[in-house]
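# Notes for the structure review
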Amino acid sequence: MREPAFWRRKPGLAARLLAPLSLAYGAVAGLRLRQRGRRAGMPVVCIGNFTVGGAGKTPTALAVARMLATAGERPVFLSRGYGGRLVGPVLVDPVRHAADDVGDEPLLLARAAAAIVARARVEGAALAAAAGAGVVVMDDGFQNPSLAKDFSVLVVDGQRGIGNGRVIPAGPLRAPLKAQLARAHALVVIGMATGAADVVAAARAQGIPVFAAWLRPDPGFVAALGGGRVLAFAGIGDPQKFFATLVDAGIPVAATRSFPDHHRYTKAEAQALCDDADRDGLILVTTEKDHVRLTGDEALAELAAHAHALPVALALEDEETFRSLLLERLAEARRRAAEPS
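Here's what I pulled together on the structure shown here.

## Brief notes about the overall build of the protein chain
Counting its regular elements, the protein chain contains 14 helices and 13 strands. Against the globule reference of 20 Å for 341 residues, the protein chain gives a C-alpha radius of gyration of 20 Å, in line with a compact fold. Taken along its principal axes, the extent of the C-alpha atoms in the protein chain is 70 × 50 × 35 Å. Taking as baseline every contact in the protein chain between residues at least 6 positions apart, the subset at least 24 positions apart corresponds to 75%.

In structure tokens, the structure reads:
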């Protein structure tokens, strides 16, 4: 679904009319955040965001898992599997599973480390332990209280920020800002923080470390395009962010097509994209998330074969400090677990 336009504007009539519902929703969400949750028997790192929609959680989760693996840890991803039909817990198999089964994000995560899909996070953590996990890395689930977290990283898009700052349904916030910050251990701001200044100030006021980061396209992919003009399409939380990433990388974007987050492409849409690109001599380029949703569907085979997925990686400005904080939190969690009860 597409988020309402008024979520990104200063609170107006629609937000005021929905304020009573937001107060009720926010109160319940705030109470859930204060619940302790079950221990997983190993450290749990959670990558979440303040709002509905994309902010860069999956690239951040991948970056964290790489740091952990480099430090000799055994990370296993845990995801709800949004958009997939399997309830889980199930170990994701990229050969056997499609996005319709487990969702698009788990398929990307499974390329880097073992990934588990589970609507019930506690059961998912148990399967992670059985799979040999030393650390669980949750992609999303910050507002879900069932599993206790040892290191919670909130990610925010620097330009989009938190919209009008209101809670669902009057705005995009999943819970009141103050309640979310009270459970966060670090804030990662992706891109220029022109729209997230208030969030950054609030985090720093509570002593939460703030880290600047960027999504960097793979230079080899950019070079392989050879300066060819592209038709870029995306069905993610903020397609414009993807298009801007292409432009910033020096890729000539001749045309764009936007679709809702986690969009399931139809045969007609796929054919239209292929036809438009052929007619104008353009190269089809999309996100990695979109591309995994195209695979395994015969009706979308032509688009999957012709579309190029842009690989991106999260680059932290002060990665060493972030890594130190991450490993310190893990060590602290293990010390607490070893103490007599």
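## Some remarks on the sheet that holds strand β10 (residues 253-258)
Ordered by their spatial adjacency, four strands build an open sheet running β10-β9-β11-β12, and the pairing between neighbours is parallel. Of all strands in the sheet, those bounded by a partner on one side alone are β10 and β12 (308-310). In this sheet, adjacent strand axes meet at a mean angle of 30 degrees when their direction is disregarded. Pairing geometry for strand β9 (residues 230-234) and strand β11 (residues 283-287), over three bridges, is parallel. Paired with Leu231 across the two strands is Leu284, which belongs to β11. Helix α11 (residues 267-280) rests against β9, β10 and β11 of the sheet, and its axis sits at about 160 degrees to β9.

## As for the environment of Gly54
Take Gly54: it is sitting in the loop between β1 (44-49) and α3 (57-70). Distance in space between the C-alpha atoms of Gly54 and Ala112 is 20 Å, their sequence separation being 58 residues. Non-local contacts of Gly54, meaning those with residues more than four positions away in its chain, are made with Asn49, Gly237 and Asp261.

## Details of unusual backbone geometry
Omega for the bond connecting Gly88 with Pro89 falls within 30 degrees of zero, at 5 degrees, which places this linkage in the cis form. Along the chain, the position of Pro89 falls in the loop between β2 (75-79) and β3 (90-91). Residue Pro169 is bonded to the preceding Ile168 through a cis peptide linkage, with omega at 5 degrees. In this fold, Pro169 is placed in the loop between β6 (151-157) and α7 (177-181). One non-glycine residue, Asp140, lies in positive phi territory at about 80 degrees.

## Section: the sheet that holds strand β4 (residues 115-117)
Read from one edge to the other, the open sheet built from nine strands follows the order β3-β4-β2-β5-β1-β6-β7-β8-β13, with strand pairing classed as mixed. Looking at which strands have only one partner, the edges of the open sheet turn out to be β3 and β13 (312-316). Pairing of strand β7 (residues 186-190) with strand β8 (residues 210-217) involves four bridges; the strand directions are parallel. By the bridge assignment for β8, Leu187 is matched with Val210. Its contacts with the sheet place helix α8 (residues 197-205) against β7 and β8, and it is angled at close to 160 degrees to β7.

## A word on the pattern of salt bridges
Under the defined criterion, the tally for this structure stands at 20 salt bridges. With its nearest N and O atoms 2.8 Å apart, the salt bridge here joins Arg174 to Asp140. Residue Arg174 is found in the loop between β6 and α7, and its partner Asp140 is found in the loop between β5 (135-139) and β6; the two are separated by 34 residues along the sequence. Its relative accessible area of 17% is what places Arg174 among the buried residues. Because the salt bridges share partners, they merge into one network encompassing Arg39, Asp150, Arg329, Glu332 and Arg336.

## Re the packing of aromatic side chains
Taken as a whole, this structure holds five aromatic pairs when the rule is applied. Pairing Phe242 with Phe243 gives two aromatic rings, centres 5.9 Å apart and planes at 55 degrees, and the pair type is tilted. Here Phe243 falls in the buried class, since its relative accessible area comes to 5%. Taking 4.9 Å as the distance between ring centres and 70 degrees as the angle between the ring planes, the aromatic pair formed by Phe259 and Tyr265 counts as edge-to-face.

## Details of α11
With 14 residues, α11 ought to run about 20 Å at 1.5 Å a step, and its terminal C-alpha atoms sit 20 Å apart, in line with that. Within α11, the full set of buried residues consists of Ala270, Leu273, Cys274, Asp276 and Ala277. Across the axial projection of α11, the buried residues extend over an arc of 160 degrees, all falling on one side. Facing away from the buried side of α11 by more than 90 degrees, the exposed set consists of Lys267, Ala268, Asp278 and Arg279. Looking at the buried residues of α11, the elements they touch are β9, β10, β11 and α13 (301-306). Looking one or two places after α11, you find Gly281, whose phi comes out positive at around 65 degrees.

Definitions and limits used
- Throughout, a residue's number is its position along its own chain's written sequence, starting from 1.
- Under the rules for a predicted model, residues below a pLDDT of 70 receive no local features and side-chain atom pairs below 80 are neither given nor counted, while totals for whole chains, interfaces and linings still include all residues.
- Only heavy atoms go into the side-chain values, all of them from the structure, while hydrogens and water stay out.
- Helix and strand assignments follow DSSP, with helices taken as H or I runs no shorter than four residues and strands as E runs no shorter than two, numbered in order from the N terminus.
- Here the globule rule reads 2.2 Å times residues to the power 0.38, and the radius of gyration is calculated from C-alpha atoms.
- Whether two residues are in contact is decided by their heavy atoms, any of which lying within 4.5 Å being enough.
- Two strands are said to pair when DSSP picks up at least two bridges between them.
- Every axis corresponds to a line fitted to the C-alpha atoms, with the helix fit spanning only the stretch in contact, and the corresponding angles, defined between N-to-C directions, vary from 0 to 180 degrees.
- In the sections that follow, a salt bridge refers to a side-chain nitrogen of Lys or Arg positioned within 4 Å of a carboxyl oxygen of Asp or Glu.
- Here the term buried applies to any residue with accessible area under 20% of the maximum for its type, exposed to any over 50%, and partly exposed to those in between, with areas from a 1.4 Å probe on protein chains only.
- Note on aromatic pairs: the rings of Phe, Tyr and Trp (six-membered ring only in Trp) are paired at centre separations within 6.5 Å, and the planes decide the class, stacked below 30 degrees, edge-to-face beyond 60, tilted for the rest.
- To estimate the expected span of a helix, count its residues, drop one, and scale the result by 1.5 Å.
- When we speak of the arc, we mean the arc of directions from the helix axis to the C-beta atoms.

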